[in-house]
Amino acid sequence: MRLVMKFGGTSVGSADAIRQVTEIVGAYARDHEVVVVVSAMNAPDLRTTDTLIAAAKAAASGDGNATAQVAPRLLDLHMRVANELVTPEERAALEPEIRAMLDYMSDLSRSIAVLGELTPRALDLFSGLGERLNARLIAAALRSAGIDAEAIDATELIVTDDRYGNASPIEPDTRERSRARLLPLLAAKRVPVVTGFIGATRAGVPTTLGRGGSDYTCAILGADLDADEVWFWKEVDGVLSANPKVVPEARTLPRLSYAEMGEMAYYGANVLHPKTVQPLVHRRIPIRIRNTFNPSHPGTLIDAEGDGESVRAITAIKGLSLITVGGPGMLGLTGVAARIFGAVARVGANVLLISQASSEQSVCFAVPGDEAAKVVNELRCELDREFAAHDVEHIGTITPVVIVAVVGSGMRGTPGIAGRVFGALGAAGVNVIAIAQGSTENNISLVVSEADADKAVRAVHGAFVTTNGGTNRFVELHGCAVPPCGRNG
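None of the values given here were measured: they were computed from a predicted structure. (Residues numbered from 1 in each chain as written. Predicted model: local features only at pLDDT ≥ 70, side-chain atom pairs only at ≥ 80, totals over all residues. Heavy atoms only, no water.)

**Focus on the sheet that holds strand 9 (residues 206-208)**
Part 1 of the reasoning: Spatially, three strands are ordered 6-8-9 in an open sheet, and the strand pairing comes out mixed. Taken across any chain shown, the strands that pair with only one partner, and hence form the sheet edges, are strand 6 (159-160) and strand 9. (Pairing = 2+ DSSP bridges. Helix = DSSP H or I, 4+ residues; strand = E, 2+ residues; numbered from the N terminus.)

Dropping the structure here:
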């Protein structure tokens, strides 16, 4: 198998965590082609990327020594881990390399202070340094454990546009460079350790890929290398059926479809964002979410089919407001919906749910609570004439509310699902304020008061998702803890 694995967050935040990473990579690199993508080190007392960005901003405010002041701490963080995991010979090569990169940033910081300006291009240099430091550390740790590995900056692989801070990859340039650089290493049984989050323009200027950038790097490389599977190693056993803080009996879901993953991510679950894994979805490459600190667990497999169960998970987004627009004159009033949502768009508000009465006399939609006031003000201006004519009689706000999303691709065409949902909520004494269901039938979304949110999630979870041993299904069927390729069964 050809596997692309991403380790981020707490998976690379300490010597113990990186030791676990080396053991995982070593176990798979013996029999498979493995590419590793890493994030910056985030130790409990020092978050590398945040520290570098803060130093860059301090330089722009005139503190030219800001980076030089934090550089010793960053050097010490990485070398303390190296002292535990890396041979003396590897440490002797690693320390001057890390020191040189930090010195360069210190010099750049002083230049920024002189200019009094931090450009997006310069900020990307600071933002991506943590990944470059950590890739070299982890490659050295792998080599010290007897695993042939090489640190590679993704600036050599991922070609992007010049939207600094949120760059987009350019295909087929990225595919061509990634394959030319990485496939020979895999053929030689060497493990590439690639920096997440960063790329470079065609001219070679470093960029960053924005929020979720390391996940995006992993997905891009997995797609361009035609990986058999792509694994995201986290600190949880996989995707859970609900928030365990709300539902203690929440279980790990053995399998999800891409569509279910998208619905859950949109409605607040801790799942990969669909945008960051779109390259994999497009090529129908299976994804696994696994636990760095419990590697014997098979995790969650995400692929095109899922397993067809009716309701898979219940998620919730809190801190919302429900805005209602209504009046007798809205019936047959041409273009009123377009004007309503045009006004919402003008103020840049994010609409998370829409519901309209069949009589066309009222429309309601949910937005983040802190955006509600500006939306209402804009709607009152937009519909001023309709108010004067009494065609629109109210624009109201219900706050705070929560969207509870019931997700499952198996709901499609299955009678009685909605009845069970509302029966469970009724039995729990939860009042439903608004309802919406997409045409794909993968999701039923309900608006309830914030006071009823946790009770609603528990009620629906109890009606559909039971602890049936599904998290151990793979081990029971196959007798081992390492799942086979999802693409081939």
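**A closer look at the side chain of Ser-127**
Part 1 of the reasoning: Within the secondary structure, Ser-127 sits in helix 5 (residues 120-127).
Part 2 of the reasoning: Residue classification places Ser-127 among the buried positions, given a relative accessible area of 6%.
Part 3 of the reasoning: Contact partners of Ser-127, with chain neighbours within four places excluded, come to Thr-49, Ile-53, Phe-197 and Thr-208. (Buried < 20%, exposed > 50% of the residue type's maximum accessible area, 1.4 Å probe, protein only. Contact = heavy atoms within 4.5 Å.)

**What to know about the confidence of the model for the protein chain**
Part 1 of the reasoning: Averaged over all residues, the pLDDT of the protein chain equals 90, while 93% of them reach at least 70.
Part 2 of the reasoning: Note that residues 467-489 has pLDDT below 50 and, in this model, 47 contacts with residues that lie over four places away or in other chains. (pLDDT = per-residue confidence, 0-100.)

**Focus: the sheet that holds strand 18 (residues 434-437)**
Part 1 of the reasoning: The six strands lie next to each other as 15-16-14-17-19-18, forming an open sheet whose pairing is antiparallel. Each of the sheet's edge strands pairs with one partner strand only, and the pair in question is strand 15 (353-356) and strand 18. Each neighbouring strand pair of the sheet contributes to a mean axis angle of 30°, computed without reference to strand direction.
Part 2 of the reasoning: Its contacts with the sheet put helix 15 (residues 453-464) on strand 14 (313-326), strand 17 (394-407) and strand 19 (443-449), and the angle it makes with strand 14 is roughly 125°. (Axes fitted to C-alpha atoms, helices over the stretch in contact; angles between N-to-C directions.)

**What about the packing of aromatic side chains?**
To describe a pair of aromatic rings, you give the distance between the ring centres and the angle between the ring planes.
Part 1 of the reasoning: On inspection of all chains with the given rule, the structure shows five aromatic pairs.
Part 2 of the reasoning: Plain terms: the ring middles of Phe-7 and Trp-233 are 5.8 Å apart, the flat faces sit at 10° to each other, and that makes the pair stacked. Of this pair, Phe-7 sits in strand 1 (residues 2-7) while Trp-233 sits in strand 10 (residues 229-234); the two residues are 226 residues apart in sequence, bridging distant segments of the chain.
Part 3 of the reasoning: Owing to a relative accessible area of 0%, Phe-7 belongs among the buried residues under this scheme.
Part 4 of the reasoning: Exposure remark for Trp-233: the relative accessible area of 1% places this residue in the buried category.
Part 5 of the reasoning: An aromatic cluster of at least three residues, connected via ring pairs, comprises Phe-7, Tyr-28, Trp-231 and Trp-233.
Part 6 of the reasoning: Here the basic side chain of Arg-290 rests over the ring of Trp-231, its NZ or CZ set 4.8 Å away from the ring centre. (Phe/Tyr/Trp six-rings, centres within 6.5 Å; stacked < 30°, edge-to-face > 60°. Lys NZ or Arg CZ within 6 Å of the ring centre and 35° of its normal.)

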